[in-house]
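If you want the building blocks of each chain, they are given just below.
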Amino acid sequence: MIRSVVRGNGAALPRRIMKNADFEGMVETSDEWIVQRTGIRQRHVAADDETTASLGEAAARAALDSAGLTPADIDLIVLATSTPNNTFPATAVEIQNRLGMHHGFAFDMQAVCSGFVYAVATADLYIRGGLAKRVLVIGSETFSRILDWNDRSTCVLFGDGAGAVVLEAAEGRGDIGDRGVLAASLRSDGVHKDKLFVDGGPSTTGTVGHLRMEGREVFKHAVGMITDVIEATFAEARITANDLDWFVPHQANKRIIDASAKKLGIAEEKVVVTVDLHGNTSAASVPLALSVAVADGRIKKGDLVLLEAMGGGFTWGAVLLRW
Ligand SMILES: CC(C)(COP(=O)(O)OP(=O)(O)OC[C@H]1O[C@@H](n2cnc3c(N)ncnc32)[C@H](O)[C@@H]1OP(=O)(O)O)[C@@H](O)C(=O)NCCC(=O)NCCS
């Protein structure tokens, strides 16, 4: 059977790093409060000339380099983002043009922080359905543009950045030993809209709006939702937590990551944590974490890797793949 195998990956971060202490003169907060409640120590913040498209392009180029490919080899770009350069056209199409690609097709995928997991699951279907052979899957965000910088309960939590993978069609045996995407589970439930949303949009206010969140409410639901969807993925693949080499969760909060791993019985040393470095970069968080763990030699060819995310909507999901 056809599998979608990761052939390369890459990442890009804005030049400017903002430390927790940099917030101390802006809102009533402290490095100690932020570290204790979230595990975040710093985040990257985009300058005016750094956008979702430019960061996404840089991550895509890095992923292509690591795959030994050029844009000519790609037939589809799926960009996960909630912070597009424009309401339309899709920022994926802008990235396609920046890469000098005038063949194939590209579209954006909007599932907030779950965007990259949704995008990998979607790209896998395009590959297995025969509509694409090599897909650039990108998560790129500039959440700094939609933050209310006077709201201490949200502005300290998020950061900007981008990550990407190249997925390629390859023949597999159809068992758990195959490389590539092995299982995926996706969920959403709009009843939770008011807990995490942006208070503007083209069809309502005609503005971009700002991120609003009831942090405690999100926290309350997060661990249960994450562990449910991961257990469904384990059941589909007929594996247990012990079979995993690496758990690469959405990087929103160290306490949510720790509690989820503990509930699932995933050993601490198998959990990739980058929330301290990047904050919550929404759809970019999982591919950025992947890029760190691949670059430092932890994730290697043949490793069994579990990706997970949860975000506004609510949306949530998990993807199991062999690197
Ligand atoms: C946001 C979050 C860190 C807050 O931590 P918490 O332990 O739940 O804190 P609470 O909401 O109970 O707030 C405790 C107090 O800290 C205050 N506080 C909020 N932000 C603060 C900040 N940056 N600095 C200092 N104090 C802050 C609150 O105002 C509150 O004060 P009060 O008790 O006087 O009202 C936590 O709820 C969280 O991580 N939630 C999930 C968010 C998330 O992951 N979202 C993205 C999902 S994709």
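Bear in mind that the values here come from a model prediction, so they are computed numbers and not experimental data.

Asks: Got a minute to help me understand the site of the ligand in this structure?
Replies: In the vicinity of the ligand, 23 residues are found, and the nearest of them are Thr29, Arg37, Arg152, Gly215 and Asn253. Within the contact set of the ligand, a nitrogen atom lies 2.6 Å away from a side-chain nitrogen or oxygen of Thr29. Trp33 has a polar side-chain atom sitting 3.4 Å from a nitrogen atom of the ligand. Notes on the ligand: free accessible area 960 Å², of which the protein chains cover 76%. For the ligand, the cavity whose grid points lie within 2 Å of the majority of its atoms is the second largest pocket. By residue number, the principal contributor to the shell around the ligand is helix H6 (residues 215-237), which donates four residues. The class makeup of the residues in the shell around the ligand is 10 nonpolar, eight polar and five charged. Here the shell around the ligand spans two domains, and each of domain 1 (2-171) and domain 2 (180-322) adds at least three residues to it.

Asks: It is not clear to me how the sheet that holds strand S7 (residues 160-171) should be interpreted in this structure. Could you clarify?
Replies: Pairing is mixed across the open sheet formed by five strands, whose spatial order is S1-S7-S6-S4-S5. The sheet is open, and its two borders are formed by strand S1 (2-12) and strand S5 (105-109), each paired with just one other strand. The sheet shows a mean angle of 20 degrees between the axes of neighbouring strands, taken without regard to direction. As judged from the five bridges shared by strand S4 (residues 76-80) and S5, these two strands associate in the parallel manner. By the bridge assignment, Ile77 is partnered in S5 with Ala106.

Asks: I would appreciate a short explanation of the packing of aromatic side chains in the present structure.
Replies: Two descriptors summarise a pair of aromatic rings, namely the distance from one centre to the other and the angle between the planes of the rings. By the definition in use, this model includes five aromatic pairs. Relative to Tyr126, the ring of Phe107 lies with its centre 5.7 Å away and its plane at 45 degrees, an arrangement referred to as tilted. Of this pair, Phe107 sits in strand S5 while Tyr126 sits in helix H4 (residues 115-128), placing them 19 residues apart in sequence. Owing to a relative accessible area of 25%, Tyr126 belongs among the partly exposed residues under this scheme.

Asks: Quick question: what am I supposed to make of the packing of H6 against helix H7 (residues 254-264) here?
Replies: In a pair of packed helices, the angle between the axes and the distance between the axes together describe the arrangement. Closest axis-to-axis distance for the H6/H7 pair is 9 Å, and the angle between their directions is 40 degrees. Comparing their axes, H7 and H6 come out oblique. Our pair here, H6 against H7, has a crossing hand that is right-handed. Judged by residue contacts, Phe219, Ala222, Val223, Gly224, Ile226, Thr227, Ile230 and Glu231 of H6 engage Arg255, Ile256, Ala259, Ser260, Lys263 and Leu264 from H7. Grouping the amino acids of the contact of H6 with H7 by side-chain chemistry returns eight nonpolar, three polar and three charged.

Calculation rules
- Residues numbered from 1 in each chain as written.
- Predicted model: local features only at pLDDT ≥ 70, side-chain atom pairs only at ≥ 80, totals over all residues.
- Heavy atoms only, no water.
- Near = heavy atom within 4 Å.
- Polar contact = N/O pair within 3.5 Å; in protein donor to acceptor, adjacent residues only side chain to side chain.
- Areas by Shrake-Rupley, 256 points an atom, 1.4 Å probe, with all protein chains shown as cover.
- 1 Å grid on protein atoms, 1.4 Å probe; cavity = no way out; pocket = protein on both sides within 12 Å on 5 of 7 lines; lining within 4 Å.
- Sits in = over half its atoms within 2 Å of the grid points.
- Helix = DSSP H or I, 4+ residues; strand = E, 2+ residues; numbered from the N terminus.
- Nonpolar A, V, L, I, M, F, W, Y, C, P; charged D, E, K, R; others polar.
- Domains from an automatic or database assignment.
- Pairing = 2+ DSSP bridges.
- Axes fitted to C-alpha atoms, helices over the stretch in contact; angles between N-to-C directions.
- Phe/Tyr/Trp six-rings, centres within 6.5 Å; stacked < 30°, edge-to-face > 60°.
- Buried < 20%, exposed > 50% of the residue type's maximum accessible area, 1.4 Å probe, protein only.
- Parallel < 35°, antiparallel > 145°, perpendicular 65-115°, else oblique.
- Left-handed = near helix turned anticlockwise from the far one by under 90°.
- Contact = heavy atoms within 4.5 Å.

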